[in-house]
Amino acid sequence: MSPGGGLNEHERSLYSRQIRLPGVGESGQLRLKAAKVLIVGAGGLGSPAALYLAAAGVGTIGVADPDKVELTNLHRQILHGFDTLGLPKTVSAAEALSELNPGLILPLHPDGLTAGNAMDLVPRYDLVLDGADNFATRFLASDAAVLAGRPLVHGSVLRSEGQVISLVPGAGCYRCLYPVMPDASQVPTCSEAGVLGAVCGIVGSWMASEAVSLLLGARKASRVLQIDAERGLCRPLALQRDDRCPCCGNTPSIRSISPETYRPVCASPPSSMPDHPLEISVKEAAAALAAPTPPVLIDVREPDEHAICRIPGARLIPMGQVPARLAEIPRDAVVLVHCHHGGRSLRVTQFLRAKGFASVSNVKGGIDAWSREIDAAVPRY
Ligand SMILES: [Zn+2]
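Please read all numbers here as calculations on a predicted model, not as lab measurements.

Draft legend 1. A look at the pairing of strand S6 (residues 161-167). Among the seven residues of S6, seven are classified as buried, and the element is accordingly described as predominantly covered. Covered by surrounding structure in S6 are Glu-161, Gln-163, Ile-165 and Leu-167 together with Gly-162, Val-164 and Ser-166, the residues of both alternating faces. By the bridge criterion, six bridges tie S6 to strand S7 (residues 223-228) in an arrangement that is antiparallel. Across the sheet, Ile-165 pairs through a bridge with Val-224, a residue of S7.

What follows is the structure, encoded as structure tokens:
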């Protein structure tokens, strides 16, 4: 900063294309320079997000990640390269980020975000950007952000679909969407399901864009962005605070960070839902639907997709309407959920399980697989 407190000539030139944006200006650029962002997870999402925030002139970027750079990271974690293989990701990230902004202040947190340090770290920052690869850290980051009154941008990605959740303090939190941490053994990870590096780039860039809007004070409401790279879609959905939320509701049960709350839930026996796996194939779905007591089939696509093709008997409840239409989904029946390719319906399945629907399974591959393997009369799109 120049002695007068404004931008110096070098900074004015460096950020000139951004300063001319109506929502930024010199005051906005100064606001970004004064801002402190905590990046939780310097991986596939944290990499692009941190690079864009550094390039945008955010003055302080803290990096929390306990891992070291591995070969399998490099196709998507673009903060890191062959020259930093084996180094802590915090160190590797700091090298890359300081190249973009030599004046950047880079506090490194090589223990990652933990239940032990969350309430020390989070209040030191103005915003938390969560690109963690596990539910325990996601819930921890959200709860700590709520308790510290900080905005949070969350991102996640699976296969070719992603989700960005921007949370304004007092206007909803991660637990308003997912009240209970899912069993880790029931949720496929990127290492199992696969992920395209460029999709991480899309989602991470959205996260950076949302973070800049929040830092500039341009965002007053929380929202969810559902990104489908294969279909070329991004749907914004409003997120409302849930009065019954255990963290930000009217009578919250989470009032402090307790380590027991964030132990990864993977010890429960996989036989707890033997008849209702998280995902089933279209062949298994077809057999179940032909049985004397068929399951309830829910289609979570959009009406324009439903107009193109549908599986007979399926009830249409578009993904964005599911939270408001839970009463239409029976709790005492087996429920199958499908979408176009199986990504959105997997998220709905996880959401419904978190809401206490135990007998819910996702139809893997969606109606596209149904068309290819079960009924060729169903048009593909
Ligand atoms: Zn909440």
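Let's pick the thread back up.
Draft legend 2. Focus on the coordination of the zinc ion. Donor atoms from the polypeptide that coordinate the zinc ion comprise Cys-173 (SG), Cys-176 (SG), Cys-245 (SG) and Cys-248 (SG), at 2.3 Å from the metal. For the zinc ion, the four donor atoms are set out with angles of 92 to 128° between them, so the coordination reads as tetrahedral. Every donor residue of the zinc ion comes from the same chain, spaced as C-x2-C-x68-C-x2-C. Of this pair, Cys-173 sits in the loop between S6 and helix H8 (174-177) while Cys-245 sits in the loop between strand S8 (233-238) and strand S9 (279-280), and the two are 72 residues apart along the sequence. Here the two residues Cys-173 and Cys-245 agree in accessibility, since each one is buried.

Draft legend 3. Examining the domain arrangement of the chain more closely. Here the chain is partitioned into domain 1 (35-262) and domain 2 (273-373). Between the C-alpha centres of domain 1 and domain 2 the distance comes to 29 Å. Across the contact, 22 residues belong to domain 1 and 18 residues belong to domain 2. Taken together, the connections running from domain 1 to domain 2 amount to five salt bridges. In this structure, Glu-302 engages Arg-235 in a salt bridge whose closest nitrogen and oxygen atoms are separated by 3.6 Å. Between the two partners, domain 1 and domain 2, sit four residue pairs in polar contact (both at pLDDT 80 or more). The set of elements that each furnish at least two residues to the side of domain 1 that touches domain 2 consists of strand S5 (152-158), S6, H8, S7 and S8. By residue class, the composition of the side of domain 1 that touches domain 2 is ten nonpolar, five polar and seven charged.

What counts, and at which threshold
- Residues numbered from 1 in each chain as written.
- Predicted model: local features only at pLDDT ≥ 70, side-chain atom pairs only at ≥ 80, totals over all residues.
- Heavy atoms only, no water.
- Buried < 20%, exposed > 50% of the residue type's maximum accessible area, 1.4 Å probe, protein only.
- Helix = DSSP H or I, 4+ residues; strand = E, 2+ residues; numbered from the N terminus.
- Pairing = 2+ DSSP bridges.
- Donors = N, O, S within 2.8 Å, 3.2 Å for Na, K, Ca; no water.
- Tetrahedral: all angles 85-135°; square planar, octahedral: opposite > 155°, others 65-115°.
- Domains from an automatic or database assignment.
- Contact = heavy atoms within 4.5 Å.
- Salt bridge = Lys/Arg side-chain N within 4 Å of Asp/Glu carboxyl O.
- Polar contact = N/O pair within 3.5 Å; in protein donor to acceptor, adjacent residues only side chain to side chain.
- Nonpolar A, V, L, I, M, F, W, Y, C, P; charged D, E, K, R; others polar.

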